[in-house]
Amino acid sequence: MRMIDIIEKKRDGHSLTKEEIDFAVQGYTKGDIPDYQMSALAMAIFYQDMTPEERVHLTMAMVLSGDQIDLSDIDGIKVDKHSTGGVGDTTTLILAPLVASIGVPVAKMSGRGLGHTGGTIDKLESIKGFQVEMDSKTFNELVNKNKIAVVGQSGNLTPADKKLYGLRDVTATVDSIPLIASSIMSKKIASGADAIVLDVKTGSGAFMKDLDSAKELAKAMVQIGNGAGRKTIAVISDMSQPLGFAIGNALEVKEAIDTLKGKGPKDLEELCLTLGSRMVYLGGKAETVEEAREKLVDAMKSGKAIETFKTFVAAQGGDPSIIDQPEKLPTAAHTFEVEAKQDGYISEIIANEIGIAASLLGAGRVTKESQIDLAVGLVLNKKVGDQVRKGDSLVTIYSNQEDVAEVIGKIYESYSISSEPVDSNPLVYDVIS
Ligand code: URA
Ligand code: CA
């Protein structure tokens with residue numbers, strides 16, 4: 001087989017066979033196929049697309065390029081959740097203990113990554129003593145005992161995707177549905193999930209800015225997951241404004257605790273119930289999505305959800321007293337209020353701009369080496385649709401620096417106030433399975 005023939009075939013709009021896709025992916029991962037040929041193939045895929053079968057083959061070729069996590073020692077159906085990423089997205093921190101509390105095993109591998117705030121692992125590390133390093137035997141035992149454990153990413157997962165994603169980044173081929181969908185799904189499948197719930201976000205703070213492309217990506221990922229024998233459901237949710245109130249690491253841990261107690265922001269709670277009920281359903285712990293939702297609501301009301309969080313924190317060496325005394329979480333030296341300059345109704349909060357404001361405070365990583373400040377961030381006191389009076393606080397800034405002029409500027413840029421009442425966007429646009 002020759003790579004040039006494969007490129008030519010795709011360039012001319014034909015479908016590639018499993019053998020051809022395997023040849024290209026394996027050859028590229030090993031270094032036998034050079035970057036220039038792989039980038040030509042990526043560009044051909046960008047223009048010619050891939051059939052559902054090709055997408056499954058590409059995904060599985062990337063899965064098989066590296067290690068696969070074996071979760072077979074863990075009892076039950078392992079359901080993983082993935083979000084395409086947003087601003088102030090605290091859902092994983094809530095969903096993991098919430099669904100575990102009704103018996104769905106949560107064996108979560110999480111990364112640190114770059115972003116406006118840290119990843120789930122960073123957020124959890126704002127709890128004193130919390131450990132994310134452990135061997136796989138301990139990890140499996142913890143999940144079997146408590147139904148939940150979170151471990152830092154290790155092993156050599158999907159090296160083909162790592163290499164290809166890096167190449168796409170510099171050859172204008174990131175923005176391709178088959179390539180994005182196979183990239184994300186390869187990582188989920190290699191992580192050992194039996195079933196997958198996807199939160200595909202749309203809006204200014206999301207990877208997919210408009211609803212049509214979010215739907216297209218969601219359908220592509222559901223098709224790949226199901227085609228690869230992993231039951232997959234996608235929820236398309238709004239990320240035009242940040243989710244919940246808190247954006248920042250310790251601040252989001254506090255928000256997660258409130259939500260697990262049934263006292264969190266309503267949008268965040270609703271999205272957690274929407275995603276969580278699908279996880280419980282796929283995990284076989286309810287006959288219907290409606291029954292699953294009732295169980296989750298009960299777990300929040302009865303205290304079972306927050307108890308599971310407490311057990312989980314203690315089991316990984318963290319100080320569980322933060323759950324009843326969240327003031328023990330890292331706190332910032334200064335707070336500032338950003339006040340409304342006029343009366344009216346909040347008509348827009350550009351999620352992406354708010355995310356940048358949080359990262360200016362040091363809440364996120366700019367490079368892989370950056371140190372995160374776990375204490376800092378923002379709490380939104382007003383969301384889209386809320387009425388405000390001049391002088392009301394829109395946002396509280398938690399900072400360890402005294403000069404926050406740039407942060408305040410970003411916040412004003414992201415908020416719009418209209419004189420007429422405004423409806424906020426729907427939280428959930430669609431569910432695809
Ligand atoms: N995120 C991924 O993991 N892969 C892509 O290709 C795009 C976004
Ligand atoms: Ca939040």
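If you're wondering where the values come from, they're calculated on a predicted model, not measured in any experiment.

### Re the sheet that holds strand β11 (residues 393-399)
Taken together, the four strands give an open sheet; going across it, the order is β6-β9-β11-β7, and neighbouring strands pair in antiparallel fashion. The sheet is open, and its two edges are formed by β6 (246-248) and β7 (334-339), each paired on a single side. Neighbour to neighbour, the strand axes of the sheet diverge by 15 degrees on average, direction disregarded. Judged from the three bridges that link them, β6 and strand β9 (residues 377-380) form a sheet pairing that is antiparallel. Considered in β9, the bridge of Gly248 is made with Gly377. Across the face of the sheet, helix α15 (residues 351-360) comes into contact with β6 and β9 while running at roughly 140 degrees to β9. Set on the sheet, helix α16 (residues 405-414) makes contact with β7, β9 and β11; between it and β11 the angle comes to about 150 degrees.

### Looking at the packing of aromatic side chains
If you walk through the whole model with that rule in mind, you get three aromatic pairs. Look at Phe130 and Phe312: their rings are 5.5 Å apart centre to centre, the planes differ by 70 degrees, and that puts the pair in the edge-to-face class. Here the residue Phe130 occupies a position in the loop between α6 (120-124) and α7 (136-146), and Phe312 occupies one in helix α14 (residues 304-315), the gap between them amounting to 182 residues. By relative accessible area, Phe130 is classed as buried at 5%. Residues Phe309 and Phe312 carry aromatic rings whose centres are separated by 6.0 Å and whose planes lie at 50 degrees to one another, so their mutual orientation is tilted. With a gap of three residues between them, Phe309 and Phe312 both fall in helix α14, about one helical turn apart. Like Phe309, the residue Phe312 is buried in the burial classification. Every member of this aromatic cluster is reached through a ring pair, and the members are Phe130, Phe309 and Phe312. In this arrangement the basic side chain of Lys341 is found over the ring face of Tyr412, its NZ or CZ atom lying 3.9 Å from the centre.

### Topic: the nonpolar core
If you look at the biggest cluster of nonpolar residues, it comprises 78 residues, and the most contacted ones within it are Ile127, Phe309, Ile354, Leu378, Ile411 and Tyr415. When residues in this core are grouped by element, the largest group, eight residues, is from helix α12 (residues 266-282). Ignoring sequence-local partners within four residues, the contact set of Ile411 consists of Val338, Ile354, Ala357, Leu378, Val395 and Ile397. Residues Ile189, Ala190, Ile224 and Ala234 belong to the second largest nonpolar core, which totals 24 residues.

### Concerning the UniProt feature "domain: Pyrimidine nucleoside phosphorylase C-terminal" (unreviewed entry) in the chain
In this structure's numbering, the residues bearing the UniProt feature "domain: Pyrimidine nucleoside phosphorylase C-terminal" (unreviewed entry) are residues 345-418. Segment residues 345-418 splits into 27% helix and 30% strand. End C-alpha atoms: 5 Å apart.

### Quick word on the sheet that holds strand β8 (residues 344-349)
Here three strands make up an open sheet; going across it, the order is β10-β8-β12 and the pairing antiparallel. Looking at the sheet topology across the chains shown, the edges are occupied by β10 (387-388) and β12 (415-418). Alignment of β8 against β10, held across two bridges, turns out to be antiparallel. Bridging across to β10, Tyr345 finds its partner in Gln387. Running over the sheet, α16 touches β8 and β12 and is turned about 45 degrees from β12.

Reading the values: the criteria
Residues numbered from 1 in each chain as written. Chains lettered and ligands numbered in written order. Predicted model: local features only at pLDDT ≥ 70, side-chain atom pairs only at ≥ 80, totals over all residues. Heavy atoms only, no water. Pairing = 2+ DSSP bridges. Helix = DSSP H or I, 4+ residues; strand = E, 2+ residues; numbered from the N terminus. Axes fitted to C-alpha atoms, helices over the stretch in contact; angles between N-to-C directions. Contact = heavy atoms within 4.5 Å. Phe/Tyr/Trp six-rings, centres within 6.5 Å; stacked < 30°, edge-to-face > 60°. Buried < 20%, exposed > 50% of the residue type's maximum accessible area, 1.4 Å probe, protein only. Lys NZ or Arg CZ within 6 Å of the ring centre and 35° of its normal. Core = buried A, V, L, I, M, F, W, Y, C linked by side-chain atoms within 4.5 Å. UniProt positions renumbered as here; feature names shortened; annotations may be inferred.

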